[in-house]
Amino acid sequence: MLFNFLSKKYQVIKPRYHNFGGFYNSLFYGIYISIKMKKKFLILMYPLDFFYKKKEFYGTNLVISLLLKHSLKCFILSIFISVIYNLIYVISLIFRKIIYFPLITKHDKIFSWGSENINQINRIVGDKKIYTDLYREFSKEITKKSHNNLNIVLGVKDTGFSEKKEISVNYTAEIQNYKKTLKYINSKNIFVSRIGEPLMKKFDYVNPFYEDLTRKKNYFYLSDNAFRNSNFYIGTGASNLALSRLYNKPSITSNSVAFLRVGLFDKKNSIIFKKIYSLKDKRILKFEEIFSKISLCFEIEFGKENLERQGYVLKDNTSDEIYNQFQDFYDKKIYEKDIPDSKLLKEFKSMRNHYIKKYITKIDLNNFECMICNDFYVPDFYLENMIS
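These numbers were taken from a predicted model, which means no experiment stands behind them. All chains use their own residue numbering, which begins from 1 and follows the written sequence. Whole-chain, interface and lining totals are the exception, using all residues; otherwise, since this is a predicted model, local features are given only for residues with pLDDT of at least 70 and side-chain atom pairs are given and counted only at 80 or more. Excluding hydrogens and water, the side-chain values take into account all heavy atoms of the structure.

So, on to the overall build of the protein chain. Within the protein chain, the regular secondary structure consists of 18 helices and 13 strands. Three exposure classes are used, based on accessible area relative to the maximum for each residue type with a 1.4 Å probe and protein chains only: buried under 20%, partly exposed in between, and exposed over 50%. Looking at the protein chain residue by residue over its 388 residues, the buried ones come to 55%. Carbon and sulfur atoms provide 54% of the accessible area of the protein chain, an area that totals close to 18100 Å². By definition, any uninterrupted DSSP run of H or I lasting at least four residues is a helix, any uninterrupted run of E lasting at least two residues is a strand, and each is numbered from the N terminus. With residues, only the protein chains shown are counted as cover, and all accessible areas are computed by Shrake-Rupley using a 1.4 Å probe.

So, about helix 10 (residues 179-187). Taken residue by residue, helix 10 has Thr181, Leu182, Tyr184, Ile185 and Asn186 as its buried positions. Downstream of helix 10 by one or two residues, Asn189 has phi in the positive range, about 60°.

Aromatic pairs are defined between Phe, Tyr and Trp rings, using the six-membered ring for Trp, whenever the two ring centres lie within 6.5 Å; interplanar angles under 30 degrees are classed as stacked, those over 60 as edge-to-face, and all others as tilted. In this structure the tally under the stated criterion is 21 aromatic pairs. Here Phe291 and Phe348 contribute two aromatic rings whose centre-to-centre distance is 5.9 Å and whose plane-to-plane angle is 35°, an arrangement assigned as tilted. Pair noted here: Phe291 is in helix 13 (residues 287-291) and Phe348 is in helix 17 (residues 343-359), with a separation of 57 residues, a long-range link. Like Phe291, the residue Phe348 is buried in the burial classification.

Turning next to the pattern of salt bridges. Salt bridges are counted wherever a side-chain nitrogen of Lys or Arg sits within 4 Å of a carboxyl oxygen of Asp or Glu. Under the defined criterion, the tally for this structure stands at 14 salt bridges. One salt bridge in this structure joins Arg228 and Asp224, with 3.0 Å as the shortest N-O distance. Residue Arg228 and its partner Asp224 are both found in helix 11 (residues 219-228); the two are separated by 4 residues, about one turn of the helix. We note a salt bridge from Asp338 to Lys268, for which the minimum N-O separation is 3.6 Å. One end of the pair, Asp338, is in the loop between helix 16 (319-331) and helix 17; the other, Lys268, is in strand 9 (residues 265-273), with 70 residues separating them in the sequence.

Low pLDDT marks stretches whose predicted atomic positions should not be read closely. Predictor confidence is given residue by residue as pLDDT, running from a minimum of 0 to a maximum of 100. Of the residues in the protein chain, 75% reach a pLDDT of 70 or more, and the chain-wide mean stands at 79. Throughout, a contact is declared for two residues whenever any of their heavy atoms are within 4.5 Å. Low confidence marks residues 114-119, where pLDDT is under 50. Its contacts with residues over four positions away, or in another chain, come to 6 contacts.

Where helix 10 meets helix 16, the closest approach of the two axes is 8 Å, and the angle between their N-to-C directions is 30°. In terms of orientation, helix 10 and helix 16 fall into the roughly parallel class. Residues Lys180, Thr181, Tyr184 and Ile185 of helix 10 form the contact with helix 16, whose participating residues are Ser319, Asp320, Ile322, Tyr323, Phe326, Gln327, Tyr330 and Asp331. Residues are grouped as follows: nonpolar covers Ala, Val, Leu, Ile, Met, Phe, Trp, Tyr, Cys and Pro; charged covers Asp, Glu, Lys and Arg; every other residue, Gly included, is treated as polar. Tallied by class, residues from the contact of helix 10 with helix 16 come to 6 nonpolar, 3 polar and 3 charged. Where helices are involved, their axes are fitted lines through C-alpha atoms of the stretch in contact, as for all axes, and angles between N-to-C directions lie from 0 to 180°. For classification, angles of less than 35 degrees are called roughly parallel, those exceeding 145 degrees roughly antiparallel, those between 65 and 115 degrees roughly perpendicular, and all remaining angles oblique.

This brings us to the environment of Phe220. Mapped onto the elements of the fold, Phe220 is located in helix 11. Considering only alpha carbons, one finds Phe220 and Gly59, 161 residues apart in sequence, at a separation of 7.3 Å.

A separate point is the packing of helix 4 (residues 60-70) against helix 5 (residues 72-95). Axis angle and axis distance: for two packed helices, these are the angle between their axes and the distance between the axes, and together they describe the pair. Remark: helix 4 packs on helix 5, axes separated minimally by 5 Å, with the N-to-C direction vectors making an angle of 135°. On the basis of the axis angle, helix 4 is oblique to helix 5. Packed against helix 4, whose contacting residues are Ile64, Leu67, Leu68 and His70, the element helix 5 presents Leu72, Cys74, Phe75 and Ser78 at the interface.

With that settled, the discussion passes to the sheet that holds strand 10 (residues 275-278). Overall, antiparallel pairing links the 3 strands, which are arranged 11-10-12 in an open sheet. Strand pairing shows two members of the sheet lacking a second neighbour, strand 11 (283-284) and strand 12 (312-315), which therefore form its edges. Two elements, strand 10 and strand 11, share 2 bridges in a ladder whose sense is antiparallel. In the sheet register, Ser278 faces strand 11, and the bridge partner there is Arg283. Should DSSP find at least two bridges between two strands, the strands are taken to pair.

Taken in spatial order, the 7 strands line up as 6-5-4-7-8-9-13 in an open sheet, and their pairing is parallel. The open sheet has two edge strands with one neighbour each: strand 6 (210-212) and strand 13 (375-377). Geometrically, the sheet is characterised by an average inter-axis angle of 30° between neighbouring strands, direction not taken into account. Sheet analysis places strand 9 next to strand 13, joined by 2 bridges and oriented parallel. Looking across to strand 13, one finds that Phe265 is bridged to Asp375. Packing against the sheet, helix 10 makes contact with strand 4 (151-155), strand 5 (191-194), strand 6 and strand 7 (232-235), and its axis sits at approximately 140° to strand 5. Seen against the sheet, helix 16 touches strand 4, strand 7, strand 8 (251-256), strand 9 and strand 13 and runs at an angle of roughly 160° to strand 8.

Attention now goes to the nonpolar core. What makes a nonpolar core is a set of buried Ala, Val, Leu, Ile, Met, Phe, Trp, Tyr and Cys residues whose side-chain atoms join them at distances within 4.5 Å. Membership of the largest hydrophobic core comes to 59 residues, with the highest contact counts inside it found for Phe287, Phe291, Phe326 and Phe348. Here the element with the most residues in this core is helix 17; it accounts for 6 residues. Formed by 38 residues, the second largest nonpolar core is a distinct cluster that contains Leu6, Met45, Phe227 and Tyr233.

Moving on, we get to helix 11. An α-helix turns once per 3.6 residues; consequently, residues spaced three or four apart project the same way. Among the 10 residues that make up helix 11, 7 are buried, leaving the element largely enclosed by the rest of the structure. For helix 11, the full list of buried residues reads Tyr219, Phe220, Ser223, Asp224, Ala226, Phe227 and Arg228.

Further remarks concern unusual backbone geometry. Its identity as a non-glycine residue notwithstanding, Asn189 has a phi of 60°, on the positive side. By secondary structure assignment, the location of Asn189 is in the loop between helix 10 and strand 5. Residue Lys333 is not a glycine yet carries a positive backbone phi of 50°. Relative to the assigned elements, Lys333 resides in the loop between helix 16 and helix 17. Residue Lys333 is classed as partly exposed on the basis of its relative accessible area of 36%.

Printed below as a string of structure tokens:
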């Protein structure tokens, strides 16, 4: 009854506090829906059912900051509904009548990043302008102005992370392959903050222009703050790239496997992809071959087993590729201006859009990223070996 009553004027959001990437995406799209439906938003704080799953909460400082900027009334109401929510949860545990708790956790008026919420997004999604305007609006609320001196955040999801979260295995990369680039960046007196979680591998690297936040006790707060104060991001995709989008920071993404679901909306973002090696033919597949196999385009994002079963393995970007990508991005100042698409990039985007239109009516996609609206930059040195 309470949430039905509130839903007339408010969108209630329950961010996924127990998941790094899920937290940012659920918060962003919850606010997105509230804007589109012309409602104010309320945010559940410290939901105990998430704490029960994982003994920590990501990003509560950001939630409090957003609510206070939104309105004092919304902040107070959010505290009130959070108390009610947690009270019902505790009562359910005490009396072991867990049947009552799903009535509130799965309430259709609460945005919590479930499949029903994805469908809700799909019904509202429009065109590229909606996304870019929203990213700009959202980042204005949460982003501090970057310093005049360049600051970069480095985020490499490595195999240490994938041991705990297997779904992320294809997004992982070896951080040692970033050392050459890191040395080059630091030689320019550019400060780099490594972000992530304690699950990440230990990385032996010492430089006065480098700090590793993954080993700090309050790593989430420090990583979040480093992102806000940075000029751009370098590293792997997935949840780290979600932060780059939300904070409206240009990015240099390597080792991506999101061939179609790129999730970028600005040409100030450079991206290169992992290569797919055919065990049968003993060679690297070209983009046309990747796009023509629907299983390679989508299943690749969710685990290596599907890929290996088909006779393929992923090849990470080399140290030189990562280094050349950064040099291209830095020398051309792509983070400051839009570079016109080269002939190769136009060909790649045209090919990609062709297959998106082909597949989008054939399979059930959670197309919340609005793939056809994506925009990005890929350097020619990478494309020339990947396009026939």
